[in-house]
Amino acid sequence: MPILVATHKDYAMPSDKFYQPIYVGSALHKKKINNFLSDATGDNISIKNPYYNELTALYWAKYNLQDQKIIGLAHYRRFLGHKASHQYQDILTEYEVNQALENFDVLVPKARNYWIENQEQHYLNAHSHEPWQILQKVIAEQFSDYQQAFKQVSASKKAHLFNMSIMKQTEFQAYTDFLFDVLSAVEKELDFTKLHDQDQRTLGFLGERMLDVWLIKTNSTYQEFPMVSIEKINWITKGWHFLLRHFGLKHQAKTHF
């Protein structure tokens, strides 16, 4: 019953074996990390990690952990916890996960509130516009029953981000069916040669918004948990960059830091 911890490098991990580190994009690297799972075994898309980010771990789990009752995904720097902190001791235990899933379908990180812009505005201010436009088209033409939920998420100032969640196998399979069907359709229409830097990872960024779309459409219940961020976040710098992007000055951000 593992919670996968996606990582692209050797890094300190929780001592609790409930958390299993998985080396994402390992098909692209000769070096292996001892005692870490690899997303390049079995049915996998490890080679697409530069585009899908940590979602290559989620794809691997979908097809290689079908015997597990519960599947979760955390990030080597981010975990769900019983309180916000920077300490491993505060991440959810196996017992706490089991207790929560007795009452809720999905466990998610506390929603991030952007206050002055909605999810569509936030994405377009931070990234190339074409991937979002293709996503809109794919949802409208191929997943029209999710279109209203997508519009609701696009207009919301809040979102459950980071591609992090914990759920039972049945819900996990349903969610990942939707997620990867949508993203593979977007991938077919994207010209990645036109995307640069962070925008190369666009499928992972788009995937972050799909969890809320699926939660709304399926009327799934969820419980939010505080984030345990192992590395401290400079919220002043992060907020400054956010404001620069919001007011159309994102290129100036590079000159200030």
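Note that the structure is a prediction, hence the values are computed from the model and not measured.

The rules behind each value
- Residues numbered from 1 in each chain as written.
- Predicted model: local features only at pLDDT ≥ 70, side-chain atom pairs only at ≥ 80, totals over all residues.
- Heavy atoms only, no water.
- Core = buried A, V, L, I, M, F, W, Y, C linked by side-chain atoms within 4.5 Å.
- Buried < 20%, exposed > 50% of the residue type's maximum accessible area, 1.4 Å probe, protein only.
- Helix = DSSP H or I, 4+ residues; strand = E, 2+ residues; numbered from the N terminus.
- pLDDT = per-residue confidence, 0-100.
- Contact = heavy atoms within 4.5 Å.
- Axes fitted to C-alpha atoms, helices over the stretch in contact; angles between N-to-C directions.
- Parallel < 35°, antiparallel > 145°, perpendicular 65-115°, else oblique.
- Left-handed = near helix turned anticlockwise from the far one by under 90°.
- Nonpolar A, V, L, I, M, F, W, Y, C, P; charged D, E, K, R; others polar.
- Pairing = 2+ DSSP bridges.
- Phe/Tyr/Trp six-rings, centres within 6.5 Å; stacked < 30°, edge-to-face > 60°.
- Polar contact = N/O pair within 3.5 Å; in protein donor to acceptor, adjacent residues only side chain to side chain.

Quick notes on the nonpolar core
Stage number 1. Residues L135, V186, M210 and W214 are the most contacted members of the largest nonpolar core, which totals 50 residues.
Stage number 2. By residue number, the principal contributor to this core is helix α7 (residues 169-189), which donates nine residues.
Stage number 3. The next biggest cluster of nonpolar side chains, apart from the first, holds 30 residues, and it includes Y19, I91, A159 and I166.

Some thoughts on the confidence of the model for the chain
Stage number 1. Put simply, the chain has an average pLDDT of 91, and 89% of its residues get 70 or more.
Stage number 2. Scored below 50 in pLDDT, residues 234-247 shows 24 contacts in the model against residues more than four places distant or in partner chains.
Stage number 3. Every residue in residues 251-257 scores below 50 in pLDDT, and together they form seven contacts with partners more than four places removed in sequence or on other chains.

Some points on the packing of helix α5 (residues 129-142) against α7
Stage number 1. Viewed as axis vectors pointing N to C, α5 and α7 meet at an angle of 125 degrees, and their least axial separation amounts to 9 Å. Between α5 and α7, the angle falls in the class oblique. Classified by chirality, the crossing of α7 by α5 is right-handed. Note on element contacts: α7 touches α5 through V182, A185, V186 and E189, opposite P131, I134, L135, K137, V138, I139 and Q142.
Stage number 2. Class assignment of the residues belonging to the contact of α5 with α7 gives a composition of eight nonpolar, one polar and two charged.

So, the environment of I3
Stage number 1. By secondary structure assignment, the location of I3 is in strand β1 (residues 3-7).
Stage number 2. Each C-alpha atom of the pair I3 and L73 lies 5.6 Å from the other, and the pair is 70 residues apart in sequence.
Stage number 3. Sequence-distant contacts of I3, defined by excluding residues within four places in its chain, comprise F18, Y19, Q20, G72, L73, A74 and I166.

Remarks on the pairing of strand β4 (residues 70-75)
Stage number 1. Among the six residues in β4, six count as buried, and that is most of the element.
Stage number 2. Burial of the side chains of β4 extends over both faces: I70, G72 and A74 are buried on one face and I71, L73 and H75 on the other.
Stage number 3. As judged from the four bridges shared by β4 and strand β9 (residues 165-168), these two strands associate in the antiparallel manner. The residue of β9 that forms the bridge with I70 is K168.

A look at the packing of aromatic side chains
Two measures describe an aromatic ring pair: the distance that separates the ring centres and the angle between the ring planes.
Stage number 1. For the coordinates displayed, the defined rule picks out 13 aromatic pairs.
Stage number 2. Measuring from centroid to centroid gives 5.1 Å for Y59 and F180, while their planes differ by 85 degrees, and the two rings are edge-to-face. Pair noted here: Y59 is in helix α2 (residues 55-64) and F180 is in helix α7, with a separation of 121 residues, a long-range link.
Stage number 3. For the ring pair F143 and F178, a centre distance of 6.1 Å and an interplane angle of 85 degrees mean the geometry is edge-to-face. Within this pair, whereas F143 is found in the loop between α5 and α6 (147-155), its partner F178 is found in helix α7, the two being separated by 35 residues in sequence.

Observations regarding the side chain of H160
Stage number 1. Inspection of the secondary structure assignment puts H160 in the loop between β8 (158-159) and β9.
Stage number 2. Reaching out from H160, the side chain makes a polar contact with the side chain of D212 at a distance of 2.6 Å.
Stage number 3. A distance of 2.7 Å separates a polar atom in the side chain of H160 from a polar atom in the side chain of E224.
Stage number 4. The residues contacting H160, other than those within four sequence positions of it, are V108, P109, K110, A111, E208, D212, L215, Y222 and E224.

Some details on α2
Stage number 1. Along α2, eight of the 10 residues are buried, which leaves the element largely enclosed by surrounding structure.
Stage number 2. Those residues of α2 lying buried are L55, T56, A57, L58, Y59, W60, A61 and K62.

Thoughts on the packing of α5 against α6
Stage number 1. Relative orientation of the contacting elements α5 and α6 amounts to 150 degrees, with a least axis distance of 9 Å. The orientation of α5 with respect to α6, classified from their angle, is roughly antiparallel. For the pair α5 and α6, the sense of crossing is left-handed. Residues W132, L135, Q136, I139 and A140 of α5 lie in contact with α6, whose contacting residues are Q147, F150 and S154.
Stage number 2. Looking at the contact of α5 with α6 residue by residue, the classes come out as five nonpolar, three polar and no charged.

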